[in-house]
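Structure at a glance
For reference, the chains in residue letters:
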Amino acid sequence: MTLAEVVLPLRLTNPHHDLQGMLMEWMSHDSRYDPRDCLHDLETLSKLRVQMAKSISEKNGQEQAWAAKEVLHQYYHGLLQCEKHKIGLDDSPKRSLTLEWESAMIMVEQEREQQQQQLQVGNSLEFEKVNVIWNLASMEAYQALGQEKDLNGYKAAARHLEKAASWLHQMN
């Protein structure tokens, strides 16, 4: 386990959850929305979630996640669009989503695979967005740790840490 995974470990999610189906069901309970009007967008968002989930669930999660950073950014912006249109935001029992994420707080002395999964469940896209933000901040912190130990490396590390802090600031 690397220092970055101890400091800001990635949060993992299940790539097999049907986000498109959940959002279509959510939208069907509100007369303002017709899920058929945005079927392509919902499909794209769902595919991005699957790509994101697979990229961060590999053995070398940070390296795989960094390689797929653009997917996380696209997914994040898709979530912002949903938020803008107030889709998937309330967590009423009638219109809830079930979004599971593995807790990022893990025991240092054990590998993630050896631990019992501690799932946290959210019922709105706000919960989903916060988890994506956490992973983007984690990836930036990981990149900071990998910089050379010279002046240019310190400058690059500072830029990555500033980006990580900026992502975390968006969580409040």
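Summing up its helical and strand segments, the chain has seven helices and two strands in all. When each of the 172 residues of the chain is scored for burial, the buried share is 45%. A separation threshold of at least 6 residues defines the contact pool for the chain, and within that pool the share at least 24 residues apart is 73%. For the chain, the computed accessible surface area is about 9,800 Å², with 51% contributed by carbon and sulfur atoms.

The next thing to look at is the pattern of salt bridges. Under the criterion given, the structure shown has five salt bridges. Among the ionic pairs, glutamate 83 bridges to lysine 129, the shortest N-O distance being 2.7 Å. Linking glutamate 83 in helix H5 (residues 69-84) with lysine 129 in helix H6 (residues 125-145), this pair joins segments that are 46 residues apart in sequence. Looking at lysine 129, the relative accessible area reads 14%, which means it is buried.

In this model, H6 (21 residues) spans 30 Å end to end at C-alpha, consistent with the 30 Å of a helix rising 1.5 Å per residue. Within H6, 17 of the 21 residues are buried, which leaves the element mostly enclosed by the surrounding structure.

As a further point, take the packing of H5 against H6. Here H5 crosses H6 at 150 degrees, and the two axes come no closer than 10 Å. Compared by their axis directions, H5 and H6 come out roughly antiparallel. The chirality of how H5 crosses H6 is left-handed. Of the residues in H6, those in contact with Lys69, Leu72, His73, Tyr75, Tyr76, Leu79, Leu80, Cys82 and Glu83 of H5 are Leu125, Glu128, Lys129, Val132, Ile133, Asn135, Leu136, Met139 and Glu140.

Another aspect to go through is the environment of leucine 8. By the secondary structure assignment, leucine 8 is in the loop between helix H1 (3-7) and helix H2 (19-28). In this structure the C-alpha to C-alpha distance between leucine 8 and methionine 139, which are 131 residues apart in sequence, comes to 8.3 Å. The contact partners of leucine 8, leaving out residues within four places of it in the chain, are Gln62, Trp134, Ala137, Ser138 and Ala141.

Quick look at the nonpolar core now. Membership of the largest hydrophobic core comes to 34 residues, with the highest contact counts inside it found for Leu19, Leu23, Tyr75, Leu125 and Val132. Residue assignment for this core shows that the elements contributing at least two residues are H2, helix H3 (39-56), H5, strand S1 (99-102), H6 and helix H7 (151-169). In contact with leucine 19, not counting residues within four places along its chain, are Leu45, Ser46, Arg49, Tyr75, Leu99 and Leu125.

Let us now look at H5. Under the 1.5 Å per step criterion, the end-to-end length of H5 is 23 Å for 16 residues, consistent within 8% with the ideal 22 Å. For H5, the full list of buried residues reads Val71, Leu72, His73, Tyr75, Tyr76, Gly78, Leu79 and Cys82. On its buried face, H5 is in contact with H2, H3, H6 and H7. Just past H5, the residue lysine 86 takes up positive phi, approximately 60 degrees.

Conventions adopted
Residues numbered from 1 in each chain as written. Predicted model: local features only at pLDDT ≥ 70, side-chain atom pairs only at ≥ 80, totals over all residues. Heavy atoms only, no water. Helix = DSSP H or I, 4+ residues; strand = E, 2+ residues; numbered from the N terminus. Buried < 20%, exposed > 50% of the residue type's maximum accessible area, 1.4 Å probe, protein only. Contact = heavy atoms within 4.5 Å. Areas by Shrake-Rupley, 256 points an atom, 1.4 Å probe, with all protein chains shown as cover. Salt bridge = Lys/Arg side-chain N within 4 Å of Asp/Glu carboxyl O. Expected span 1.5 Å × (residues − 1). Axes fitted to C-alpha atoms, helices over the stretch in contact; angles between N-to-C directions. Parallel < 35°, antiparallel > 145°, perpendicular 65-115°, else oblique. Left-handed = near helix turned anticlockwise from the far one by under 90°. Core = buried A, V, L, I, M, F, W, Y, C linked by side-chain atoms within 4.5 Å.

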